[in-house]
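Survey of secondary and tertiary structure
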Amino acid sequence: MEYKNLLSDNVKGLKPSGIRKFFDILEEMDDAISLGIGEPDFVTPWHIRDAGIYSLEKGFTKYTGNAGLSRLRKEISAYLKRRFNLEYNFKDQIIVTVGGSEAIDLTVRALVNPCDEVIIPVPSFVCYGPITELACGKAVYVETKVENEFRLTAEELRAAITPKTKLLVLPYPNNPTGGILEKPDLEALAEVLRGTDIMVLSDEIYAELTYGQRHVSMANIPDMYERTVVVNGFSKSHAMTGWRMGYVCGPSQVIVQMLKIHQYAIMSAPTTSQYAAIEAISEGDNDVETMRRDYDYRRRFLLDRFRSLELSCFEPKGAFYMFPCIRNTGLTSEEFCERFLLEEKVAVIPGSAFGASGEGFVRMCYASSIGNISEALDRLGRFLKKI
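Presented here is an overview of the structure given in this document. (Residues numbered from 1 in each chain as written. Predicted model: local features only at pLDDT ≥ 70, side-chain atom pairs only at ≥ 80, totals over all residues. Heavy atoms only, no water.)

Some thoughts on unusual backbone geometry
Filter applied, for reference: Only DSSP runs of H or I reaching four residues or more are called helices, and only runs of E reaching two or more are called strands; each is numbered from the N terminus. Using a 1.4 Å probe on the protein chains alone, a residue whose accessible area is under 20% of its type maximum counts as buried, one over 50% counts as exposed, and one in between counts as partly exposed.
With omega at 5°, the peptide bond leading from V122 into P123 counts as cis. Relative to the elements of secondary structure, P123 occurs in the loop between strand 3 (117-122) and helix 7 (128-134). The backbone phi angle of N85 is positive, close to 55°, even though this residue is not glycine. Take N85: it is sitting in the loop between helix 5 (70-84) and strand 2 (94-98). Judged by its relative accessible area of 51%, N85 falls in the exposed class.

Quick look at the structure:
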């Protein structure tokens, strides 16, 4: 069989993730420390696990409705109002998805026609561009700058818009930089979008992990609710990555089209996970706050240690990532990460894996124990003295 002639050109054209190879090397090492994977080091709180176990004991093992359990959608609606002052009707404005990743895919596939352009600020999570390409759209990357704390500015957005622009991705709080958009930033972007037909995909999976202030959604900004699709989930906020629980909210006219894709491709999100999610979102606010405080302590610890190592890094105010600059080492991001892993057995991710403007930076994830973080920084100090 000549598989190269059988496979989809779109799929063959996708580049492998720039993150994966470092984990492959890491798996072969003993005594290595990973500050690479973007996953909470916390175990899902017991009362949430117990809810999932109880659902199995009661035999709740059948399909749910396509959009998800109505009780879960009601709880999501109440949670968004309580935490972020966002109002969505559980009946026709919310779909429970298989993680936030499916929610992103649904949004792009429901909105993007062939050759439509999707504006993606970078550095950012690696999935937005490939998902756009699989939908036969065109990814338009906008390189944000460290001097702006990697915020997308109104000027950068305006310069990227063309008659073919269909969708703007807002990945804030940001992976990999930890940068956020504050209300004035969103208002400036909104002013550019008014009078256009451009929709916004607001990826808010790290919304609960902001430090010193509450997260503000683009959907909170006047005139933006009708053009914004909000993606969120339980992975980061409630330490539920393996449960694969996400959701998408937006105008009912858009959500009904997404639901058709979800019906055919997925049917419904995992039933056991949905029952666990009900417990998480209704009774888990204290869990979220406990984890957020711990992350904040680690964030401040890292910043202090970076200063002592004379490593330049802006203060990230969201997610659980640091994005220090390593340009003064004379190494590329990939060279730095590969040598650091091989010589000191510490895994971090090259900033270039997240877009061209990430070159010269590395992503360090502080969703790890303070002991591991401290030891990794000791090894970083040794490494910096050698290069």
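Side note on the pairing of strand 2
A regular strand places its side chains so that they alternate between the two faces of the sheet. As a reminder of what qualifies: Criterion used throughout: strands pair if DSSP finds at least two bridges between them.
For strand 2, a buried count of four out of five residues is recorded, marking the element as mostly surrounded by other parts of the structure. As judged from the five bridges shared by strand 2 and strand 8 (residues 245-249), these two strands associate in the antiparallel manner. Bridge assignment links T97 to a residue of strand 8, and that residue is G246.

Observations concerning helix 5
For clarity, the cut-off: To estimate how far a helix should reach, multiply one less than its number of residues by 1.5 Å. Along the arc lie the directions from the helix axis toward the C-beta atoms. Note on contacts: a residue pair is in contact if any heavy atoms of the two residues lie within 4.5 Å.
The end-to-end C-alpha separation of helix 5 is 21 Å, in line with the 21 Å expected for 15 residues at 1.5 Å each. Those residues of helix 5 lying buried are L72, R73, I76, S77, Y79, L80, R83 and F84. The buried residues of helix 5 occupy an angular sector of 165° when projected down its axis, which confines them to one face. On its buried side, helix 5 packs onto strand 2, strand 8, helix 11 (271-283) and helix 12 (285-308). Backbone geometry just after helix 5 places N85 at a positive phi near 55°.

Digging into the pattern of salt bridges
A side chain of one charge can pair with a side chain of the opposite charge when the charged atoms of the two come close. Selection criterion: In what follows, salt bridge is the name for a side-chain nitrogen of Lys or Arg lying within 4 Å of a carboxyl oxygen of Asp or Glu.
For the structure on display, the rule yields 28 salt bridges. D105 is paired through a salt bridge with R109; the nearest N and O atoms lie 3.0 Å apart. Remark: R109 and D105 occur in helix 6 (residues 99-111); sequence separation between them is four residues, near one turn of the helix. Residues D116 and K166 are paired through a salt bridge, measuring 2.8 Å at the closest nitrogen-oxygen approach. Of this pair, D116 sits in the loop between helix 6 and strand 3 while K166 sits in strand 5 (residues 165-170), and the two are 50 residues apart along the sequence.

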